[in-house]
Amino acid sequence: MKEQITALQAEMKQRGIFAYIVLTEDFHGSEYVGAHFKLREYLSGFTGSAGTLVVTENSAALWTDGRYFIQAAAELAGSGITLMKEREPETPTVLKFLRDNMPENSVLGFDGRAVNAAFARRLENVLREKKIAFKTDEDVAGIVWKNRPPLSKQPVFELSERYCGETRAKKLSRIRDKMRSEKVKCLALSALDEIAWTLNLRGGDVDYNPVFLSFLLIFDDKAQLFAERSIFDDNIVSSLQKDGVEILPYDEIYEALSSLRCDVWADPKAVNCRFWNSLSQAKIHGKTSPVQLMKAQKNAVEISNEKSAHIKDGVAVTRFMYRLSHTIGHEKITEISATELLEEYRKQGANYLGQSFEPIMAYAEHGAIVHYSATEKTNAELQPRGLLLSDTGGHYLDGTTDITRTFVLGPLLDEEKRAYTLALAAHLELLGAVFPKGVRGSSLDAIARKPLWDNGLDFNHGTGHGVGFLLNVHEGPQRISWRFMNDPPIEEGMITSDEPGIYFEGKFGIRHESLVLCEKAEYDGFLKFEPLTCVPFDPAGIDKRYLTIEQIARLNKYQKWVYDTLSPFLPEEEREWLENLTKPV
């Protein structure tokens, strides 16, 4: 067993803890976390963004989803930690595993600040019959992490109305209208992107996500922001004060919650266990935060800015595509140097701030690893043959992008062309979807997957996720996946990804991803998608036998739009290349 695991087991034994849970979370339930919170990664060696580690007196197991099966198997090899493939028929859930393996009257431990309140409640319900006790007041796993990085304290900046389209005061007023309609006196927010959106502030405490560590309590006549004071300059402090927002120390949130004796709106799915339990004197209104939907439905200014950001991003990725097509086989380019090259093109765009997630540049068989990240050890040299899966994105003051294109670097096998084309067919089917208001992403998912299902193919991840405005690249409440049947409907103004894929382990992987905007359709009561991502598909990967007439027409329309939009921003040689690339197929 890994040294870190045995050290944790020794600490557990001292405290009489039989099993200990470490999730991939900070105190706010964030999908991606700062260095201080990468405890699960430190203990297990698994570097993926999603995973749950369960350590017992004599074993350890890690659960993760289909995006990471290949990666986790490689990173856990020789560690003594068992890989548990989530949602596979043979894999028990974490709850079932604990119920089946914990002795009666034993103790389950976890850091109550780093475990979601709703998940903690499910644990209590499942383990009640076995009279399991809980120890949640101590970060036992953190004790074994020597030289642990401190909490991040990166500076905050204010986002002007020019970019976000609505003042902080107006947002707070709309939120308070929702509070009054629900008859609550306080809204307690913990999700970092909801706080950043509400206050028109952005930070840098989480890699790739421009948020800052904080909690926010909104009352009828004031708001209290719990955060590190040093990250705000005096102008921002003054601006917040004018809107009735007071800054208090970050770690005083739990004391403040315990003093509340009013009706408090808190989302059990978005706050941690200790946060929820601290509301012991309050009457809790347990419901999804109103900010989640407000944030997801972009206003006219945000939409206009996002379109601008996607044009700049499209120029960068298309120029990168041109460069690859003219240099592979003539000069050495690796996965890492290709990533750096694309970043250089993005930096040429006005108002570019940085990458929106860890870039994926995966050549050949690496493309089958859904969230592959090149290292010095795995860094492959690109050859004039096969496929390069490039999944990258950027943050601009104008908005956030997320794009995947699978580049054809040279001659392809028939198998590769078939897969490339079928994945494109799936992408085009969702892009062309027209649907009545009220339809959920779980229904739209089947539209995208049908071309693959018809050929006995599928992919082990969702088809689409929401994207924030200069915020988290993965944003709720909407998503497109048949696995989640109760998500809210897709609404006008939402930005969602369209990213079907096909993966053959040890061979290659293909994914085609564009961000799409939900708009009103031509028919009353119906909605449709319009593309934001403006980057061509490579016709060298297409076998027309696997496309319908409608799909070909949709592809040609998209390619023409790409050329018409990007050509004014390209040098002559690149413009002529793009014109040829986007000719009707």
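Details of the structure are given in the entry above.
All figures in this text were calculated on a predicted structure; none of them were measured in a lab.

1. A look at the layout of surface pockets
Okay, so step 1: What the second largest pocket holds in volume is close to 490 Å³.
Okay, so step 2: Lining of the second largest pocket is provided by 20 residues; of these, Leu431, Phe529, Glu530, Pro531 and Lys557 occupy positions nearest its centre.
Okay, so step 3: Only helix 14 (300-327), strand 28 (526-531) and helix 18 (549-566) provide two or more residues apiece to the lining of the second largest pocket.
Okay, so step 4: Sorting elements by how many residues they give to the lining of the second largest pocket places helix 18 first, with seven residues.
Okay, so step 5: Among the residues making up the lining of the second largest pocket, the classes are represented as 11 nonpolar, two polar and seven charged.

2. Concerning the environment of Pro149
Okay, so step 1: Inspection of the secondary structure assignment puts Pro149 in the loop between helix 6 (140-143) and strand 7 (157-158).
Okay, so step 2: Apart from the residues lying within four places of it in its own chain, the contact partners of Pro149 are Ala35 and His36.

3. Points about the nonpolar core
Okay, so step 1: Among the nonpolar cores identified, the biggest contains 75 residues, and Phe320, Leu382, Phe435 and Phe529 are the most heavily contacted of them.
Okay, so step 2: Once you skip the residues sitting within four places of it in the chain, Phe320 turns out to touch Ala338, Leu341, Leu342, Tyr345, Met361, Ser390 and Phe407.

4. Quick notes on the sheet that holds strand 12 (residues 245-248)
Okay, so step 1: Ordered in space as 12-11-10-8-13-14, the six strands form an open sheet in which the pairing is mixed. Two strands close off the open sheet at either side, each with one partner strand: strand 12 and strand 14 (283-286). Pairwise comparison of adjacent strand axes, ignoring direction, gives a mean angle of 20 degrees for this sheet.
Okay, so step 2: Examined bridge by bridge, strand 10 (residues 215-219) and strand 11 (residues 223-226) share four bridges and lie antiparallel to one another. Considered in strand 11, the bridge of Leu217 is made with Gln224.
Okay, so step 3: Seen against the sheet, helix 9 (residues 192-199) touches strand 8 (186-189), strand 10, strand 11 and strand 12 and runs at an angle of roughly 55 degrees to strand 10.

5. A word on the pattern of salt bridges
Okay, so step 1: Summed over all chains, the structure comprises 36 salt bridges.
Okay, so step 2: Taking the shortest distance from any N to any O, the salt bridge between Arg67 and Asp65 comes out at 2.8 Å.
Okay, so step 3: Of the residues examined, Arg67 reaches a relative accessible area of 16% and is grouped as buried.
Okay, so step 4: Notably, a salt bridge pairs Asp543 with Arg545, separated by 2.7 Å at the nearest N-O pair.
Okay, so step 5: Classification of Arg545 by relative accessible area gives exposed; the value is 66%.

What counts and what doesn't
Residues numbered from 1 in each chain as written. Predicted model: local features only at pLDDT ≥ 70, side-chain atom pairs only at ≥ 80, totals over all residues. Heavy atoms only, no water. 1 Å grid on protein atoms, 1.4 Å probe; cavity = no way out; pocket = protein on both sides within 12 Å on 5 of 7 lines; lining within 4 Å. Points joined across faces, edges and corners; volume = space filled by probe spheres on them. Helix = DSSP H or I, 4+ residues; strand = E, 2+ residues; numbered from the N terminus. Nonpolar A, V, L, I, M, F, W, Y, C, P; charged D, E, K, R; others polar. Contact = heavy atoms within 4.5 Å. Core = buried A, V, L, I, M, F, W, Y, C linked by side-chain atoms within 4.5 Å. Buried < 20%, exposed > 50% of the residue type's maximum accessible area, 1.4 Å probe, protein only. Pairing = 2+ DSSP bridges. Axes fitted to C-alpha atoms, helices over the stretch in contact; angles between N-to-C directions. Salt bridge = Lys/Arg side-chain N within 4 Å of Asp/Glu carboxyl O.

The values reported here are purely geometric and, on their own, carry no functional implication.
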